[in-house]
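Structure at a glance
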Amino acid sequence: MKFYQVSIIFTIFFLVVIQSSFGDIESPKKQIKLGIMPEKVTCNEGLVLMLKISGMPACVKSTTAERLEERGWKQIIQKFVKAEKEIETIPASQSTTVNFYISDDDLNTSHSGVDVVSTKDLFEFTINGVSIQGPETMVETGMNTGKFYLKLDLPNTVKQDDVVLIRYLDQSDSAGEMRVLTKSIALTKTFAKVETSGGNSRIGHEFTLRIYEPDANRDSKDEDKISLSSFEYRGDGGIRTTLANPKFDANSWALIETGPNTNTFEVKIKIPRELDGKTIHIGDKYEIRYIDRSTPSETEEKIIFKGRIG
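In this report, the structure presented in the accompanying data block is examined. As the structure is a computational prediction, the values presented were derived from the model and not from experiment. (Residues numbered from 1 in each chain as written. Predicted model: local features only at pLDDT ≥ 70, side-chain atom pairs only at ≥ 80, totals over all residues. Heavy atoms only, no water.)

**Remarks on the overall build of the protein**
We apply this condition: Numbered from the N terminus, helices here are DSSP runs of H or I no shorter than four residues, and strands are runs of E no shorter than two. Only protein chains enter the calculation, and the probe is 1.4 Å; a residue is then buried if its accessible area is under 20% of its type maximum, exposed if over 50%, and partly exposed in between. In this description, contact between two residues means that some pair of their heavy atoms is separated by no more than 4.5 Å. Method for areas: the Shrake-Rupley scheme with a 1.4 Å probe, in which residue coverage is limited to the protein chains shown.
Counting its regular elements, the protein contains 2 helices and 23 strands. Burial analysis of the protein (310 residues in total) assigns 47% to the buried set. Sequence separation of 24 or more characterises 64% of the internal contacts of the protein that already satisfy a separation of 6 or more. Put simply, the protein shows about 15800 Å² of open surface, and 47% of that area lies on carbon and sulfur atoms.

Spelled out as structure tokens, the structure:
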């Protein structure tokens, strides 16, 4: 039995290869391979960062550090950020943007309003060890929350598996000492993929539209939904509409999550013979654009899938 299925999957996988200062952290050797400078390697709490005579880093116990200093090793002083401070990355809808939050109640100075804080001297951003420009300010997510949102725009040259390193340089303790919070993210670019059992999408044949979208997964205990109006259909001859158009004969008004907390949403639709008074032909090209309005920046971002009528 033949069946035809078009599956569109959009995603950014943010694979955290270095956790915050209080989680499991990759070895110094692996951090070096990610492009992190030896003196900026992050050790697990309770360990001391040392530079060997060769310049290579090592994380050792404090009792061992004293003996190694006598042998010519150099100790790099690190002070960890308090446990309630963290960097939280939010999957974005396009491969050139990283949305993230920093939680730091010390920056919450206007308790009756929303704080806007300059990022100067607070953050360092690198890709594979090369510095990049970051946002100039960060905005508190609400009145008196102590949680701040930042949107990091990456260069268009970003490649699959490039590593983005975020370092938060907290200088807000009473002694004025710098405390460092580090998170490293390996990026896998957004992709769209068509899967069929024997050809391209066909007029009048039902197929499944599937999207992987962590941003829309807001309830971990129940299935979430993404409105069909978030998907724009563009076809030859100037066709412009959304999948909410009844001509697509969808089995639901929305893409429904396949299960609690799966991040994957599906709907069944058909490409009609006619849309907006225009006839669709075999061989016509079309695009389905996902209009993502769920990013923390509240901006509209589009991911485009291109196909052809079979």
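Read on, since the account is not over.
**Concerning the sheet that holds strand β4 (residues 74–76)**
Spelled out, the test is: Any two strands between which DSSP finds at least two bridges are classified as paired. Helix axes use the C-alpha atoms of the stretch in contact, all axes being lines fitted to C-alpha atoms, and the angles between their N-to-C directions lie in the range 0 to 180 degrees.
The strand order across the open sheet formed by 3 strands is β3-β2-β4, and the pairing between neighbours is antiparallel. The outermost strands of the open sheet, each flanked by one partner alone, are β3 (57–61) and β4. Strand after strand, the sheet turns through a mean of 40° between neighbouring axes, direction not considered. Sheet topology note: the strand β2 (residues 47–51)/β3 ladder contains 5 bridges and is antiparallel. Residue pairing for β3: L49 is matched across the bridge by C59.

**Here's the deal with the packing of aromatic side chains**
The geometry of an aromatic ring pair is captured by two quantities: the separation of the ring centres and the angle between the planes. What counts is decided by this rule: Two rings belonging to Phe, Tyr or Trp (six-membered ring only in the last case) form a pair when the distance between their centres is within 6.5 Å. Interplanar angles under 30 degrees mark stacking, angles over 60 mark edge-to-face geometry, and anything in between is tilted. In our convention, an over-ring charge means Lys NZ or Arg CZ found within 6 Å of a ring centre and within 35 degrees of that ring's normal.
All told, the structure shown has 8 aromatic pairs when counted by the stated rule. An aromatic cluster of at least three residues, connected via ring pairs, comprises F100, F123, F125 and Y168. Between K147 and the ring centre of Y101, over which it is positioned, the NZ or CZ distance is 4.7 Å.

**Section: the pairing of strand β16 (residues 231–235)**
In regular strands, side chains alternate between the two faces of the sheet. By the criterion of burial, β16 is predominantly enclosed, with 4 of the 5 residues buried. In terms of strand pairing, β16 meets strand β17 (residues 239–242) through 4 bridges, oriented antiparallel. The residue of β17 that forms the bridge with R234 is R240. Here β16 hands over to β17 after 3 residues, with G237 in that stretch at a positive phi of 85°.

**Here we look at the nonpolar core**
Most often, soluble globular proteins keep nonpolar side chains buried together rather than apart. Rules: Take the buried Ala, Val, Leu, Ile, Met, Phe, Trp, Tyr and Cys residues and link them wherever side-chain atoms come within 4.5 Å; each set so joined is a nonpolar core.
Membership of the largest hydrophobic core comes to 24 residues, with the highest contact counts inside it found for I226, F231, Y233, L243, L255 and I280. Elements with a contribution of two residues or more to this core: β14 (206–212), β16, β19 (264–270) and β22 (285–292). Not counting residues up to four positions away in its chain, the partners in contact with L243 are L209, L228, F231, Y233, F248, I269 and I288. Core analysis: the second largest hydrophobic core is formed by 21 residues, I102, L150, L154 and Y168 among them.

**Examining a nonpolar patch on the surface**
Keep this limit in mind: A patch consists of residues exposed above 30% relative accessible area that lack any salt bridge, with like charges linked at up to 9 Å and nonpolar side chains (Val, Leu, Ile, Met, Phe, Trp, Tyr) linked at up to 5 Å. Salt bridges are identified by distance alone: a Lys or Arg side-chain nitrogen within 4 Å of an Asp or Glu carboxyl oxygen.
Among the surface-exposed residues, V114, V116, V139 and M143 lie close enough to one another that they form a single nonpolar patch of about 360 Å² accessible area. Examined against the element boundaries, V114 turns out to sit in the loop between β6 (97–103) and β7 (116–118).

**Overview of empty space enclosed by the protein**
Note the following rule: Within this scheme a cavity is a closed region of a 1 Å grid, computed over the protein atoms alone, that accommodates a 1.4 Å probe without allowing it to escape, whereas a pocket is open but has protein on both sides within 12 Å along at least five of seven lines; lining residues each have an atom within 4 Å of a point. Grid points are joined across faces, edges and corners, and a volume is the space filled by probe spheres set on the points. Each residue gets one label: Ala, Val, Leu, Ile, Met, Phe, Trp, Tyr, Cys and Pro are nonpolar, Asp, Glu, Lys and Arg are charged, and the others, such as Gly, are polar.
Following the criterion strictly, the structure yields 2 cavities of 30 Å³ or more and no others. Looking at the second largest cavity, its volume works out to about 40 Å³. Around the second largest cavity, the lining residues are Y233, G235, D236, I239, T279, I280, D284, K285 and I309. Here the residues of the lining of the second largest cavity are counted per class, giving 4 nonpolar, 2 polar and 3 charged.

**Here's the deal with the pattern of salt bridges**
Taken as a whole and judged by the stated rule, the model has 5 salt bridges. Two residues, R210 and E266, come together in a salt bridge whose shortest N-O distance is 2.5 Å. On the criterion of sequence distance, the pair formed by R210 in strand β14 and E266 in strand β19 is long-range, its members being 56 residues apart. Looking at E266, the relative accessible area reads 27%, which means it is partly exposed. Among the ionic pairs, R234 bridges to E232, the shortest N-O distance being 3.3 Å. Residue R234 is classed as partly exposed on the basis of its relative accessible area of 22%. In this structure E232 comes out as buried when scored by relative accessible area, which is 13%.

**Considering the sheet that holds strand β15 (residues 225–227)**
Pairing in this open sheet of 4 strands is antiparallel, and the strands run β14-β19-β18-β15 from one edge to the other. The open sheet is flanked by β14 and β15, the only strands paired with a single partner. Strand-to-strand twist across the sheet, computed as the mean angle between neighbouring axes with direction ignored, equals 25°. Pairing analysis gives 3 bridges linking β15 to strand β18 (residues 254–257), with the strands arranged antiparallel.

**A few points about the pairing of β19**
Relative to β19, β14 runs antiparallel, the two sharing 7 bridges. Bridging from a neighbouring strand, L209 pairs with V267 of β19. The pairing of β18 with β19 spans 2 bridges and is antiparallel. Bridge assignment links E257 to a residue of β19, and that residue is F265. From the end of β18 to the start of β19, which pair antiparallel, there are 6 residues, and N261 there has a positive phi angle of about 65°.

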